[in-house]
Every structure is written in structure tokens, then in C-alpha cells.
Amino acid sequence: MKKLKKKTLSAYQETKYGKQDRRNKIIALSSAGVVIALIAGILLFTVFKDSSSGKPAVSRDIQETAQDTSSGQAETSTSLTPVPQQTEPVSLTLSLVGDCTLGTDETFDYSTSLNAYYESQGADYFFQNVRSIFESDDLTIANFEGTLTTLDTREDKLFAFKADPEYTQILSGSSVEAVNMANNHSHDYGDQSYTDTLSALDAAGIVHFGYDETAVMEVKGVKVGLVGIYELNDHMERAQQLKDNIAKVKNEGAQLVIAVFHWGNEKETVPDENQRQLGHMAIDEGADLVVGHHPHVLQGIEVYNGKNIVYSLGNFCFGGNAYPSDMDTIIFQQTFTVTTEGVQEDNVTNIIPCSISSASDYNNYQPTPAEGEEASRILAKVGELSQMIPSDTQSADTSSQEEDAETSQE
């Protein structure tokens, strides 16, 4: 019976139906092999991709347990220890410029005023020679000195500056992202003019800070804290405000802190003792860079505890004078490297020497990078001014001499 059954099976295999059946089985086995190979390849690719991208490679059973736990479906919870991910250092380049008075005083000759240039040339005219610099950095900060308002009643002061709120286009159209408002011309047309200016800046998407208002901006994933202090009237009485504001932005998560001061004495090329004390204090409290303005001329740069204090950036786009005696200025750039451990002390700086005007004998309100001998002259000037900054020892000797002089007079 077994021989008959074997013979019958052999005969069937030789028929066309038997041959077709064999082909089907071979195809089925081949298809199953291809599917198994594809699944294995996908699993290997997934593991490799997770590993190469810095993501933790978690086994399948732990993943399922974690999913069940988070959805409340699992009876027991599984605690997963995340694998630390490598965070790449972030490089941030900041550009800082001095006084931008985007307006005029009503007593000035209107035909040569900044406002007249705005009407004839448009908003893009003013920063067209520095726009590419601002566009290529990560954050540009200026001192906005004046008001943007339609009010007509000015404060009782020698100079009062204003322009229409639409003048914010000068800033927004040239990649100026933030402005300091703590200065002696921010209320030229009363408190309402200050509020009007802030509203105009808000509408243009420009961050503002100064006095008790601080700002924390996120740039390339890094939180940058901005503090602005007006020193002129109160001098060292602003010390507590400085400390409080730096602490405030740090508490809000700032990883990089910039302190901006409106300080010093007009036309003075050497910082006074108040400037130096407040500048040092800012860094002691956690600032990573200190810059200042108000003297309308350049002052030197001091490196204190590995961080820069740029005492005066001078004027920049300055509608306050059509024929200033000194038109030298700079764009101060610093590139910061920020890691999970904080700001690295690599001190990468770039000083771009400029004139506040593209014309040599008058102010056409168009700041322009200097070239050739002019650029070398301005850079050498900054170097000389930096050498003139008193050291701590010199300051102590000066104070002692003053005390001795007072004693002898008594």
C-alpha cells in the first residue's frame, strides 16, 4: 500500500499540476525570505539611525512598558534613566552701536536735518552701508536716543528730539533687533512720548529695554539677557538697580548677559570713576559684556576679569548734529561660544571702524565703514584710548592724592 501511495505521488509530481504546485511553493518560500530580510534591514537601520543622531537606543520591551505607564495602562511603573545627549556649542555674534537719534530738534535747520533726509531718501537710506553687517550677525543692539511721537509739547530742555513713529522702519529694515531706551532723550516730549516710542517699537517687532525694564531674547536657542542703565544723574546710586536687573534676567534663564550703560561726560575720551566702578560691578554680578555711550566720542576698551567693557561707542546714526567735530565711531562685535557649561572665555572680538557719515565734511546720517588709512587711524585711536584707561592702582593713587589735598586744605 505504501509503495502504491509513493508511486501515485511520484506520478502526480510529473503532471503539469504537480509541477505548478512545486513552482508555487518555491515562490512562496522566496517571498517569505525577502520579507524576513527587509524586516531585519529596517530594524538594523533604525538602531543605527538612533545611535548616530545621539538619541538613546532603548530596547523594545522597555519602550512598550514606558508607553503603557504613561497612558495609565500598566500596573507597575518603570523608571527610565535618559542617556545624556551631546549638545553642540552655539556660536553667537552680536553687533553693538552707539547713539541713534532718529529725529531732529524743532529748532534745527530742517533742510539739513535727519528728517529731511528721511522724506527725500526713505527709511532704507540710513543704514544701507552697514546693513549687510547687521544682517550677517545674530543680534544687533543700538542705543535709541529720542522719541517717536506725534506730540507737540516738548520738555523744557536745550535739545529735544522726535520723529514720526514710522521711523522704526530705519531699524526694522536693517536688521536692528533690540534697542536700549535708558538715556537722557527718551522722554523729550514727556512721559507719553516715551510710551508712544515703546508702542512704535513693539509694532515694528523691535525689542526694547532700559531702566527697570529688562529683556530676555532667545537667539539660536540661547537666552540673551539685556539690561540698560541710565547713570547720568544718579551715578553710583544706580548700583542696586544694576544688581537687581542682572539678577532678574539670570533668574529668567539668561545664559548670556549684556549690560548697556548711558553714562560718562560729553566729549571726554577717558572714562570717569563712576563708569569704571559700575562697569566692573556689572561683570562681577554676571554680565558677559558691558558697553556704553553718551560722551558722543569714542572711549577705550578694558578687559576686566576676561570680559570686555567698551566705555563709549560714540555716535552712530546721529540726528543731533549736522556738523559734528568728531565723526569717528565703531561697530563693536563679539562672538560668544555658549555650551552647557556656560559662556566660554574665548574673547573673540571684531572692531569695525566707521564714520557716522558717508560724506567727509558734514553729517549725512549714513554710517559707513572706514577703509584704508582711515580705518587704520580709527583702530589706532581705539588702541590709544584703551591705554589711557586708569588701572586700579592708578585710581587708588588718585583717590589718595585727593584725600591728602583735602586734608592739607583743612
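Cut-off values and rules
- Residues numbered from 1 in each chain as written.
- Predicted model: local features only at pLDDT ≥ 70, side-chain atom pairs only at ≥ 80, totals over all residues.
- Heavy atoms only, no water.
- Helix = DSSP H or I, 4+ residues; strand = E, 2+ residues; numbered from the N terminus.
- Buried < 20%, exposed > 50% of the residue type's maximum accessible area, 1.4 Å probe, protein only.
- Contact = heavy atoms within 4.5 Å.
- Areas by Shrake-Rupley, 256 points an atom, 1.4 Å probe, with all protein chains shown as cover.
- Axes fitted to C-alpha atoms, helices over the stretch in contact; angles between N-to-C directions.
- Parallel < 35°, antiparallel > 145°, perpendicular 65-115°, else oblique.
- Left-handed = near helix turned anticlockwise from the far one by under 90°.
- Nonpolar A, V, L, I, M, F, W, Y, C, P; charged D, E, K, R; others polar.
- Pairing = 2+ DSSP bridges.
- Expected span 1.5 Å × (residues − 1).
- Arc of directions from axis to C-beta.
- Salt bridge = Lys/Arg side-chain N within 4 Å of Asp/Glu carboxyl O.

K.L.:
Any chance you could explain the overall build of the chain here in plain terms?
P.N.:
A tally of regular secondary structure across the chain gives 11 helices and 17 strands. In the chain, which comprises 410 residues, the share counted as buried stands at 44%. Taking as baseline every contact in the chain between residues at least 6 positions apart, the subset at least 24 positions apart corresponds to 72%. Accessible area of the chain: about 21,700 Å², with a carbon and sulfur share of 50%.

K.L.:
Please clarify how the packing of helix 8 (residues 239-251) against helix 9 (residues 273-284) should be interpreted in this entry.
P.N.:
Between two packed helices, the angle of one axis relative to the other and the distance separating the axes together describe the packing. Interhelical geometry of helix 8 versus helix 9 gives an angle of 25 degrees and a closest axis separation of 10 Å. As the angle between them shows, helix 8 and helix 9 are arranged roughly parallel. In this structure, helix 8 meets helix 9 at a crossing whose hand is right-handed. When helix 8 is examined against helix 9, the residues Ala-239, Leu-242, Lys-243 and Ile-246 are found in contact with a partner set consisting of Leu-278, Met-281 and Ala-282. Here the residues of the contact of helix 8 with helix 9 are counted per class, giving six nonpolar, no polar and one charged.

K.L.:
I'm lost on the pairing of strand 12 (residues 307-310) in this one. Help?
P.N.:
Consecutive side chains along a regular strand alternate between the two faces of the sheet. Residues Lys-307 and Ile-309 point to one face of strand 12 and Asn-308 and Val-310 to the other, with burial holding for every one of them. Examined bridge by bridge, strand 10 (residues 289-293) and strand 12 share three bridges and lie parallel to one another. Paired with Val-291 across the bridge in strand 12 is Val-310. Of the strand pairs in this sheet, strand 11 (residues 301-304) and strand 12 are connected by four bridges, and their pairing is antiparallel. Residue pairing in the sheet places Ile-301 in a bridge with Val-310 of strand 12. Hairpin connection, strand 11 to strand 12: the antiparallel pair is bridged by two residues, and Asn-305 has positive phi, about 50 degrees.

K.L.:
Please explain helix 10 (residues 372-387) as it appears in this structure.
P.N.:
Each full turn of the α-helix corresponds to 3.6 residues, which orients residues three or four apart in the same direction. If you check helix 10, its first and last C-alpha atoms are 23 Å apart, about what 16 residues at 1.5 Å a residue would give, namely 22 Å. For helix 10, every residue scored as buried is listed here: Ala-375, Ile-378, Lys-381, Val-382 and Leu-385. Around the axis of helix 10, the buried residues are gathered within 120 degrees of arc, so they sit on the same side. In helix 10, the exposed residues that point more than 90 degrees away from the buried face are Gly-372, Glu-373, Glu-384 and Gln-387. Its buried side turned inward, helix 10 meets strand 11, strand 14 (328-339) and strand 16 (348-355).

K.L.:
I keep staring at helix 4 (residues 114-121) and nothing clicks. Help me out?
P.N.:
Within helix 4, the full set of buried residues consists of Leu-114, Asn-115, Ala-116, Tyr-117 and Tyr-118. Turning to helix 4, the residues buried within the fold contact strand 1 (90-101), strand 4 (162-163), helix 6 (168-172) and strand 13 (315-318). Just past helix 4, the residue Gly-122 takes up positive phi, approximately 90 degrees.

K.L.:
When you look at the pattern of salt bridges in this model, what are you seeing that I'm missing?
P.N.:
It is possible for side chains of opposite charge to pair when their charged atoms get near one another. A full pass over the atoms with the stated rule returns 12 salt bridges. Across the pair Asp-288 and Lys-307 runs a salt bridge, and its minimum N-O distance is 3.3 Å. Of the two residues, Asp-288 sits in the loop between helix 9 and strand 10 while Lys-307 sits in strand 12, which places them 19 residues apart along the sequence.

K.L.:
Could you clarify how one ought to interpret the sheet that holds strand 8 (residues 222-230) in this entry?
P.N.:
In a beta sheet, neighbouring strands pair by backbone hydrogen bonds and run either parallel or antiparallel. Spatially, 7-8-9-10-12-11 is the arrangement adopted by the six strands of the open sheet, whose pairing is mixed. The open sheet has two free edges, formed respectively by strand 7 (215-219) and strand 11, since each of these has just one partner strand. Sheet twist, expressed as the average angle between the axes of neighbouring strands with direction ignored, equals 20 degrees.

Treat this as a map of the structure, not an account of what it does.
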